[in-house]
Amino acid sequence: MNAVQVVENLKQRFPNEPEYIQAVSQVLGTIEEEYNKHPEFDKANLIERLCIPDRVIEFRVSWVDDKGNVRTNMGYRVQHNNVIGPYKGGLRFHQSVNLGILKFLAFEQTFKNSLTTLPMGGAKGGSDFSPRGKSDAEVMRFCQAFMSELYRHIGADVDVPAGDIGVGGREVAYMFGMYKKLTHEWSGILTGKGIQFGGSLIRPEATGYGNVYFLVNMLNTRGIDIKGKTVLVSGSGNVAQYTIEKCIELGAKVVTCSDSDGYIYDPDGITREKLDYIMELKNIERGRIREYAEKYNVKYVEGAKPWFEKADIALPSATQNEINEEAAKALVANGVIAVSEGANMPTTPEAIKIFQDAKILYSPGKAANAGGVAVSGLEMSQNSERLSWSREEVDAKLHSIMNNIHENCVKYGTEPDGYINYVKGANIAGFLKVAKAMMAQGIV
Ligand SMILES: NC(=O)C1=CN([C@@H]2O[C@H](COP(=O)(O)OP(=O)(O)OC[C@H]3O[C@@H](n4cnc5c(N)ncnc54)[C@H](OP(=O)(O)O)[C@@H]3O)[C@@H](O)[C@H]2O)C=CC1
Ligand SMILES: O=C(O)CCC(=O)C(=O)O
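So, how was this worked out
Residues numbered from 1 in each chain as written. Chains lettered and ligands numbered in written order. Predicted model: local features only at pLDDT ≥ 70, side-chain atom pairs only at ≥ 80, totals over all residues. Heavy atoms only, no water. Pairing = 2+ DSSP bridges. Helix = DSSP H or I, 4+ residues; strand = E, 2+ residues; numbered from the N terminus. Axes fitted to C-alpha atoms, helices over the stretch in contact; angles between N-to-C directions. Left-handed = near helix turned anticlockwise from the far one by under 90°. Contact = heavy atoms within 4.5 Å. Nonpolar A, V, L, I, M, F, W, Y, C, P; charged D, E, K, R; others polar. Near = heavy atom within 4 Å. Polar contact = N/O pair within 3.5 Å; in protein donor to acceptor, adjacent residues only side chain to side chain. Areas by Shrake-Rupley, 256 points an atom, 1.4 Å probe, with all protein chains shown as cover. Buried < 20%, exposed > 50% of the residue type's maximum accessible area, 1.4 Å probe, protein only. UniProt positions renumbered as here; feature names shortened; annotations may be inferred. Disulfide = S-S within 2.5 Å. Phe/Tyr/Trp six-rings, centres within 6.5 Å; stacked < 30°, edge-to-face > 60°. Lys NZ or Arg CZ within 6 Å of the ring centre and 35° of its normal.

**Observations regarding the sheet that holds strand 10 (residues 313-315)**
The strands that make up a sheet are held in pairs by hydrogen bonds between backbone atoms, and each pair lies either parallel or antiparallel. On the basis of which strands lie adjacent, the open sheet formed by seven strands has the order 9-8-7-6-10-11-12 and mixed pairing. Sheet topology places strand 9 (299-302) and strand 12 (361-363) at the edges, where each strand pairs with a single neighbour. Direction aside, the axes of adjacent strands within the sheet are offset by 15 degrees on average. Here strand 7 (residues 253-259) pairs with strand 8 (residues 262-265) via four bridges, running antiparallel. Counted as the bridge partner of cysteine 257 is isoleucine 264 from strand 8.

Right, here's the structure in full:
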């Protein structure tokens, strides 16, 4: 395989999907050497079959807003690869959603899910509908309309969606209710469900907690304690909130969080009480992070990202490509020791190179944020067993999965000078399992 040639070929076939090409290019560049040790892979044209999704489902979603206007949005599900288990991955509702973004997310999900060691294939879906500024009733009608098409393409052993940006417990519950109504069946076809109807304890916390567990593993390789460290977090949604919670619990000081309008900087650190306020503001009142700055009289920077503040650790937890070259240079110049991705692909390729050249600890989302989908996998197991496990049991399993992913990154990513290239480690470990399963199952 010649990675550059394969990427060039995909670019020609899919010219309007830059995020998808970015994600593929990143993976192929790091697995090329390992891939070429297996001539049987090339003979089976494994790489093209692995990069191009099994199936893309695209549909119109029509719904009625509170004023009686009929609105239309696009709906998508990208079923990327189900070689190791049913398709699995979140749904994103955000105005920026397009096919290229969902294809990058589904591609990444395939490797991430493989890393968890649980039997889950990769998928992603969503819509260019944004819940922001919509009433509860509008969100419900949209979710019902979305599911009235999606339901025929999913199933507990077929494809199990979950949340992502703009899709939290409220949206999952509305979609679940509609699926049940349409099919006359209670089935674990979504994860991230409410605890009263088959959801797993710790699923809301899992992505953020998992990222901090992974970070602690990285810090341990250099004998560094998280306690007392200053942390920059971006985002203020699901992943950011539980990242902050775990950081506080472990004695770190989180000084920033953000939303798409700007970021707050709190030099005293976000305390438990202030985090409760953020949770109320974001999950119930659905307000803006600017209100935190007004309430606690701290700095708010409109239209900017937090990466130019000084800190020891950065945990991007908002969206893709939120750390560019300039931001990476500032982080390194300010002495950052670790960057661990709660979001999917938040760091541009140029910025990754800066982190790796500076030999700082840097882990890609497919390893560091795999805790969310891992606990989704555990929710599927509990649904199949018709049982629910305790908080302690699920948290212990999450912890052990994150430790295991870290070990695999070290195994496949340690370079001759001892530097752990977590990007390479995660990509090779995730790839090998999927590739071997694809080879075993023939050309299908
Ligand atoms: N939820 C999960 O379990 C998992 C999520 N992830 C990834 O983590 C990231 C965050 O997801 P999650 O917390 O669930 O989503 P939420 O919708 O709960 O929160 C997203 C946060 O990011 C901000 N944000 C979204 N888009 C942008 C943008 N274009 N520019 C700046 N800020 C933005 C939002 O601000 P605003 O409110 O203004 O839109 C919000 O604060 C995503 O990359 C997602 O793919 C990864 C693994 C699992
Ligand atoms: O829990 C899931 O199935 C999906 C989580 C997710 O979307 C992700 O890992 O990016």
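Once you've had a look at it, read on.
**Here we look at the packing of helix 8 (residues 203-220) against helix 15 (residues 371-385)**
Helix 15 packs onto helix 8 with a crossing angle of 145 degrees between their chain directions and a minimal axis gap of 7 Å. Considering only the axes of helix 8 and helix 15, their crossing is right-handed. Across the interface between the two elements, Arg203, Ala206 and Thr207 from helix 8 touch Gly371, Gly372, Val373, Val375, Ser376 and Glu379 from helix 15. Grouping the amino acids of the contact of helix 8 with helix 15 by side-chain chemistry returns three nonpolar, four polar and two charged.

**Some points on the site of ligand 2**
Around ligand 2, 14 residues are found, and the nearest of them are Lys88, Lys112, Lys124, Arg203 and Ser376. One of the side-chain N or O atoms of lysine 112 is found 2.7 Å from an oxygen atom in ligand 2. Asparagine 344 places a polar side-chain atom, nitrogen or oxygen, 3.0 Å from an oxygen atom of ligand 2. Protein contacts shield 94% of the accessible area of ligand 2, which totals 290 Å² for the unbound molecule. Put simply, the parts of the chain that give the shell around ligand 2 at least two residues each are strand 3 (87-93), helix 5 (99-115) and helix 15. Each residue belonging to the shell around ligand 2 can be placed in one class, and the counts come to two nonpolar, seven polar and five charged.

**Observations concerning the site of ligand 1**
Surveying the vicinity of ligand 1 reveals 25 residues, the closest of which are Asp164, Thr207, Ser260, Arg288 and Asn344. Between ligand 1 and the protein, one listed contact pairs an oxygen atom with a backbone N or O atom of asparagine 238 at 2.9 Å. Within the side chain of serine 260, an N or O atom sits 2.4 Å from an oxygen atom of ligand 1. Coverage of ligand 1 by the protein chains reaches 83% of its 890 Å² of free accessible surface. Put simply, the parts of the chain that give the shell around ligand 1 at least two residues each are helix 8, helix 9 (238-249) and strand 7. Looking at the shell around ligand 1 residue by residue, the class counts come to four nonpolar, 14 polar and seven charged.

**Concerning the environment of leucine 10**
One can find leucine 10 in helix 1 (residues 3-13). Of the residues examined, leucine 10 reaches a relative accessible area of 1% and is grouped as buried. Separated by 14 residues in the primary sequence, leucine 10 and valine 24 have C-alpha atoms spaced 9.0 Å apart. The residues touching leucine 10, leaving out its near neighbours within four places in the chain, are Tyr20, Ile21, Val24, Cys51 and Ile52.

**Looking at the UniProt feature "site: Important for catalysis" (unreviewed entry) in the protein chain**
The UniProt feature table records "site: Important for catalysis" (unreviewed entry) at Asp164. Mapped onto the secondary structure, aspartate 164 falls in the loop between strand 5 (159-162) and helix 7 (169-183). Those residues in contact with aspartate 164 that sit more than four places away from it in its chain are Gly90, Leu91, Arg92, Lys124 and Asn344.

**Considerations on the state of the cysteines**
Throughout the structure, instances matching the rule amount to zero disulfides. The cysteine cysteine 257 is free of any disulfide, with cysteine 247 supplying the nearest cysteine sulfur at 12 Å. Lacking any disulfide linkage, cysteine 409 is separated from the closest cysteine sulfur, that of cysteine 247, by 19 Å.

**A short note on the pairing of strand 5**
Burial along strand 5 is two-sided: the residues Asp159 and Pro161 and Val160 and Ala162 are all buried. With four bridges joining them, strand 3 and strand 5 adopt parallel strand pairing. Looking across to strand 5, one finds that glycine 90 is bridged to alanine 162.

**Regarding the sheet that holds strand 2 (residues 70-81)**
Strand order across the open sheet formed by five strands is 1-2-4-3-5, with mixed pairing between neighbours. Taken across any chain shown, the strands that pair with only one partner, and hence form the sheet edges, are strand 1 (55-64) and strand 5. Going from strand to strand, the sheet's axes swing by 20 degrees on average, the running direction of each strand aside. Direction of pairing for strand 1 relative to strand 2: antiparallel, over a ladder of 10 bridges. The partner of tryptophan 63 across the bridge, within strand 2, is arginine 71. Helix-sheet contacts for helix 5 involve strand 1, strand 2, strand 3 and strand 4 (122-127), and the interaxial angle to strand 4 is about 150 degrees. Contacts between helix 6 (residues 136-150) and the sheet are confined to strand 1, strand 2, strand 3, strand 4 and strand 5, with strand 1 contributing the most and set at about 140 degrees to the helix.

**Overview of the side chain of serine 363**
Topologically, serine 363 is positioned in strand 12. Look at serine 363 and you get buried, because its relative accessible area is 0%. Looking at serine 363, its side chain comes within polar contact range of the side chain of serine 340, at 2.8 Å. Ignoring sequence-local partners within four residues, the contact set of serine 363 consists of Phe214, Met218, Val339, Ser340, Glu341, Ala368 and Tyr422.

**Looking at the packing of aromatic side chains**
For the structure shown, the criterion picks out 22 aromatic pairs. Pairing tyrosine 209 with tyrosine 242 gives two aromatic rings, centres 6.3 Å apart and planes at 75 degrees, and the pair type is edge-to-face. Residue tyrosine 209 is located in helix 8, and its partner tyrosine 242 is located in helix 9; the two are separated by 33 residues in the primary sequence. The buried category is assigned to tyrosine 209, whose relative accessible area is 4%. Chaining the aromatic ring pairs together yields one cluster made of Phe59, Trp63, Phe93, Phe129, Phe142 and Phe146. Positioned above the aromatic ring of tyrosine 296 is the side chain of lysine 274, whose terminal nitrogen or guanidinium carbon lies 5.4 Å from the ring centre.

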